[in-house]
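For reference, the chains in residue letters:
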Amino acid sequence: MSLHAEIAALHQPLLRYARMQLRNDGLAEDVVSETLLALLEKPDAFEGRSAYRTYATGILKFKVIDVLRKRGREVHVEPFDGESIDDAFDALFAADGHWQEAPPAWQEPERSLEQRQFFEMLQVCIDRLSPKLARIFMMREWLEREVADICTELDITANNCHVMLFRARMQLRGCVSLHWYGDTQ
Amino acid sequence: MTAAPPELDCHDAARLISDALDAAVATEDGERLRRHVDLCESCRNVSAQMHFLRRAMRRMGSDAPQ
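Residues numbered from 1 in each chain as written. Chains lettered and ligands numbered in written order. Predicted model: local features only at pLDDT ≥ 70, side-chain atom pairs only at ≥ 80, totals over all residues. Heavy atoms only, no water.

S.K.: Any chance you could break down the overall build of chain B for me, citing the residues and the numbers?
M.R.: A tally of helices and strands in chain B yields three helices and zero strands. Counting helices and strands in the order they occur from the N terminus, chain B gives α-α-α. Taken over 66 residues, chain B has a buried fraction of 53%. Of the contacts made within chain B by residues no fewer than 6 positions apart, 60% connect residues no fewer than 24 positions apart. About 3300 Å² of surface is accessible on chain B, with carbon and sulfur atoms providing 53% of the total. (Helix = DSSP H or I, 4+ residues; strand = E, 2+ residues; numbered from the N terminus. Buried < 20%, exposed > 50% of the residue type's maximum accessible area, 1.4 Å probe, protein only. Contact = heavy atoms within 4.5 Å. Areas by Shrake-Rupley, 256 points an atom, 1.4 Å probe, with all protein chains shown as cover.)

Next up, the structure:
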């Protein structure tokens, strides 16, 4: 595959991540275009498709973080006003705080990291989170931002941030359990 | 003399497992969590799964298989 074809093939995956974070198609297109331009300017920076994609994603992350910092508090994220507003979430636990159904172990999860389909399924599960949960989860786990930075940027309390991350992780593990491991829990 | 803090239930334990991925938890909470997870297979599973999701997310879009 030629360099230009490789770079063109990165456009859609990068755009998807940028959109999820920025929630603005124009801004997302801008950061992806800047990322692809940066790749074209240094075509010899990396060899091999996997490394190239890693390199491109790294550039994109920096650009997304930069845009988020500039936008700062323009972005309003509604905080959770309590921990008991989500019936599906609450149904995971009995009144005494124990699991309604014991979550089973995932069998050989590390092997799934070698499978493209696993990451496709994971993306589908992320897409099923509410936009605010998906955004905060991606800020923490994909952009690897510290919670303090996320709180400042989104103008929410640390406790709210922790609650949202907890809910996002619980929903994702439930989705992955169901759609990858075939568990109902 | 102060009373020992109550043991965690699974809901509290799962929340603390998540919190510990983002910030240091108080020593006392960390000890209560360890005691709970030592005895609770379900929460051990959930802990392993939350840590695994982090590893997967760090690979997403970079060296994830094409």
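S.K.: Describe the interface of chain B and chain A, with residues and values.
M.R.: With 31 residues of chain B at the interface, the matching set in chain A holds 48 residues. Taking both sides of the interface into account, the surface hidden between chain B and chain A amounts to around 3700 Å²; carbon and sulfur atoms contribute 60%. Summed over the shared surface of chain B and chain A, the result is seven salt bridges. Across the pair Arg55(B) and Glu110(A) runs a salt bridge whose closest N-O atoms are separated by 2.3 Å. The interface formed by chain B and chain A includes 14 residue pairs in polar contact (both at pLDDT 80 or more). Among the elements of the structure, helix H1 (10-20) and helix H3 (41-59) of chain B are those that each provide at least two residues to the side of chain B that touches chain A. If one sorts the elements of the side of chain B that touches chain A by residue count, H3(B) sits on top with 14 residues. Partitioning the side of chain B that touches chain A into residue classes produces 14 nonpolar, eight polar and nine charged. (Buried area = accessible area lost by both parts, 1.4 Å probe. Salt bridge = Lys/Arg side-chain N within 4 Å of Asp/Glu carboxyl O. Polar contact = N/O pair within 3.5 Å; in protein donor to acceptor, adjacent residues only side chain to side chain. Nonpolar A, V, L, I, M, F, W, Y, C, P; charged D, E, K, R; others polar.)

S.K.: Explain the side chain of Asp9(B) to me, and be specific about the residues and the numbers.
M.R.: Following the sequence through the fold, Asp9(B) ends up in the segment before H1. Salt bridges are absent for the buried Asp9(B), whose nearest opposite-charge side chain, Arg32(B), sits at 8.4 Å. When sequence neighbours within four positions are dropped, the list of residues in contact with Asp9(B) reads Asp96(A), Gly97(A) and His36(B). (Lys, Arg positive; Asp, Glu negative; His and termini not counted.)

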